[in-house]
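Here are the chains, one letter per residue:
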Amino acid sequence: MTPKAAADLQTPAARALAEKIKSKTAKVGVVGLGYVGLPLAVEYAAEGYHVVGIDLNPGKIDRVNAGDSYVGDVPTSALAPLVKSGHLKATADFSAVKDLDTINICVPTPLRKTKDPDMSYIVNACEEIANYFHPGMLVILESTTYPGTTDELVRPILERNGLKAGKDFFLCFSPERVDPGNPKFQTKNIPKVVGGYTADCTEMGRLFYSQALQTVVPVGSTQVAEMVKLLENTFRMINIGLANEIAVMCDGMGINVWEVIDAAATKPFGFMPFYPGPGLGGHCIPIDPFYLSWKTKQAGIEARFIELAGYINGNMPHFIIEKVQSALNDVSKPVKGSRIHVMGVAYKRDIDDVRESPALDIIHLLLRRGATVSYSDPYVPEISIDGAALQASGESELAGADCVLIITDHKAFDYKALASSAKLIVDTRNALKGIQGTNIVRL
Ligand SMILES: NC(=O)c1ccc[n+]([C@@H]2O[C@H](COP(=O)([O-])OP(=O)(O)OC[C@H]3O[C@@H](n4cnc5c(N)ncnc54)[C@H](O)[C@@H]3O)[C@@H](O)[C@H]2O)c1
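Residues numbered from 1 in each chain as written. Predicted model: local features only at pLDDT ≥ 70, side-chain atom pairs only at ≥ 80, totals over all residues. Heavy atoms only, no water.

Asks: I'd like a description of the overall build of the protein, backed by residues and values.
Replies: Secondary structure summary: the protein contains 14 helices and 15 strands in total. The C-alpha atoms of the protein give a radius of gyration of 24 Å, which matches the 22 Å a tight globule of 443 residues would have. Along the first, second and third principal axes, the C-alpha atoms of the protein reach 80 × 50 × 40 Å. Counting over 443 residues, the protein shows a buried share of 54%. Across the protein, every contact between residues at least 6 apart in sequence was considered, and the portion connecting residues at least 24 apart equals 69%. Approximately 19,500 Å² of the protein is accessible, and the part contributed by carbon and sulfur atoms is 55%. (Helix = DSSP H or I, 4+ residues; strand = E, 2+ residues; numbered from the N terminus. Rg over C-alpha atoms; globule rule 2.2 N^0.38 Å. Buried < 20%, exposed > 50% of the residue type's maximum accessible area, 1.4 Å probe, protein only. Contact = heavy atoms within 4.5 Å. Areas by Shrake-Rupley, 256 points an atom, 1.4 Å probe, with all protein chains shown as cover.)

Written out as structure tokens, the structure reads:
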């Protein structure tokens, strides 16, 4: 399906909405003001649109309305003036939808314990929207999900009062690709893929995003757009799985895997480096591929790469525990009774997000083996392990530790000082690259 040019939009409703979008008089709504939704809301408010963010979390609503950011990629200095000028406000009240022209849905899509998709956030948000839905609106789902969600789950809810997608309103899916903590690529300059239910829907989505984002990539359907995101994240998950398997192989053969990958990456074509680590983390890579495997299972297709990479990546925390155990054995100490200090608990460098972080699994496993565990992380003051709170600690625990375990390679850590002071370090991220010492054990 080739998207039509703006001038080709067929219905009066389409032309009217297109005019509002182009003249920036369209009222923009963002449902879910998290890592994805808040940066998007800020981009549109900064372009001069009036934006309403709808969230269920009263703490987030209060902070947005106070101009105080809680998302690392959105500086308070960018948020506060937009709130002050009245271009951005937050509410928990879905009746705000009555006045909106566009809605981007950015709610969570976690997995249930059984690894089945939990669609309840999308369903709840859409049901609330449907209560106040009106003709001429553009609705774009951005939450990562299985192919078919927009058409099979979202559309029937929005159509339940008689409005028809593609005729009375415009419906799209656009995968969110935000990479929290990435200083180079943020919401504005990450190319935005968008696919609509009809060609007019796609064109409306393209028109909407091209007002605030640098590059828009229209595709022929909502299903293609949904699948794009799953291909991207599955590609990453499987390649990290391969890097982890190679790391385990290299470990068994006494080869430095980091040196291998760095040297392989000098090949100017046909190779792309991925790195091993303590396991997958975050709201995307460990989760999204299972949305795909769940859906393909219904079509009788087994997602064997995904299952295998899931198994290998899921085993990494156990492999790291064995690494710690054998490093302590070399200095004649069992894990039981040892003091272990974990450096970094966020799922990746220089961010505060601990969702699915392998550090949580690793700390749980260490505690179960009888170790005393402390941690430091400049971005995460407290974590919860098996329902109990654990606070970040300072230098004293680090100095007294039998083993320091680097899980997240935050730039703020002083690795040189650590290498010269710690008794024993197990480095799962190659954070000590270039530093030598008999006290250093690398993945
Ligand atoms: N965080 C990332 O790096 C990232 C990257 C790409 C895609 N995504 C995808 O984007 C989606 C959102 O992720 P996120 O990281 O922003 O999640 P988040 O948890 O940071 O934010 C989601 C927000 O939605 C709100 N919410 C939940 N149910 C709601 C409802 N019914 N109505 C209104 N608000 C509701 C929550 O209170 C929360 O503030 C997910 O599908 C995720 O997979 C996330």
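Having seen it, we continue.
Asks: For the sheet that holds strand 6 (residues 170–173), give the residues involved together with the corresponding values.
Replies: For sheets, the rule is that strands pair by backbone hydrogen bonds, running either parallel or antiparallel. Pairing is mixed across the open sheet formed by eight strands, whose spatial order is 3-2-1-4-5-6-7-8. Whereas interior strands pair on both sides, the edge strands pair on one side only; in this sheet they are strand 3 (88–91) and strand 8 (216–219). The mean inter-strand angle of the sheet, taken between neighbouring strand axes irrespective of direction, is 25°. Where strand 2 (residues 50–54) lies against strand 3, four bridges are found, and the strand directions are parallel. Note on strand 3: the bridge partner recorded for Val-52 is Lys-89. Contacts from helix 7 (residues 199–210) reach strand 1 (27–31), strand 4 (102–105), strand 5 (138–141), strand 6, strand 7 (192–196) and strand 8, with the element oriented near 155° to strand 7. (Pairing = 2+ DSSP bridges. Axes fitted to C-alpha atoms, helices over the stretch in contact; angles between N-to-C directions.)

Asks: So what's going on with the environment of Ile-103? Which residues, and what values?
Replies: In this fold, Ile-103 is placed in strand 4. Taking relative accessible area as the criterion, Ile-103 reaches 0% and is therefore assigned buried. Sequence separation between Ile-103 and Ser-357 is 254 residues; the distance between their C-alpha atoms is 31 Å. In this view, Ile-103 contacts Gly-29, Val-31, Val-97, Ile-129, Met-137, Leu-138, Val-139 and Ile-140; residues no more than four positions away in its chain are not counted.

Asks: Can you tell me about the site of the ligand, naming the residues and giving the values?
Replies: Around the ligand, 28 residues are found, and the nearest of them are Val-36, Asp-55, Lys-60, Thr-109 and Thr-144. Here Val-36 contributes a backbone N or O atom positioned 2.9 Å from an oxygen atom of the ligand. The fraction of the free accessible surface of the ligand (820 Å²) that becomes covered by protein chains is 93%. The biggest single contributor to the shell around the ligand is helix 5 (residues 120–131), with three residues. Looking at the shell around the ligand residue by residue, the class counts come to 15 nonpolar, eight polar and five charged. (Near = heavy atom within 4 Å. Polar contact = N/O pair within 3.5 Å; in protein donor to acceptor, adjacent residues only side chain to side chain. Nonpolar A, V, L, I, M, F, W, Y, C, P; charged D, E, K, R; others polar.)

Asks: Any details on the pairing of strand 9 (residues 339–343)? Residues and values, ideally.
Replies: Burial within strand 9 is extensive, with four of its five residues counted as buried. Sheet analysis places strand 9 next to strand 10 (residues 372–376), joined by five bridges and oriented parallel. Residue Ile-340 lies in a different strand from strand 10, and its bridge partner there is Val-373. Handedness of the crossover joining strand 9 and strand 10 through helix 12 (residues 358–368): right-handed. By the bridge criterion, four bridges tie strand 9 to strand 13 (residues 403–406) in an arrangement that is parallel. Residue pairing for strand 13: His-341 is matched across the bridge by Val-404. (Right-handed = clockwise from strand over helix to strand, strands pointing away.)

Asks: Outline unusual backbone geometry, supporting the account with residue identities and numerical values.
Replies: Located in the positive-phi region is Lys-115, a residue other than glycine, with phi close to 70°. Within the secondary structure, Lys-115 sits in the loop between strand 4 and helix 5. Judged by relative accessible area, Lys-115 falls into the partly exposed class, the value being 43%. A positive phi angle is found at Glu-356, which is not glycine, with a value near 60°. By the element assignment, Glu-356 lies in the loop between strand 9 and helix 12.

Asks: Break down the pattern of salt bridges for me, with residues and values.
Replies: Scanning the entire structure with this criterion turns up 24 salt bridges. The partner of Glu-232 in a salt bridge is Arg-177, with the nearest N and O atoms 2.5 Å apart. With Glu-232 in helix 8 (residues 222–253) and Arg-177 in the loop between strand 6 and strand 7, this residue pair connects regions lying 55 residues apart in the sequence. A relative accessible area of 26% places Glu-232 in the partly exposed class. Judged by its relative accessible area of 25%, Arg-177 falls in the partly exposed class. (Salt bridge = Lys/Arg side-chain N within 4 Å of Asp/Glu carboxyl O.)

Asks: Tell me about the sheet that holds strand 9, and name the residues and values.
Replies: Across the sheet, five strands lie side by side as 10-9-13-14-15; this open sheet has parallel pairing. The sheet is open, and its two borders are formed by strand 10 and strand 15 (440–442), each paired with just one other strand. For this sheet, the mean angle separating the axes of adjacent strands, direction not counted, is 20°.

Any functional reading would require information beyond the geometric quantities listed.
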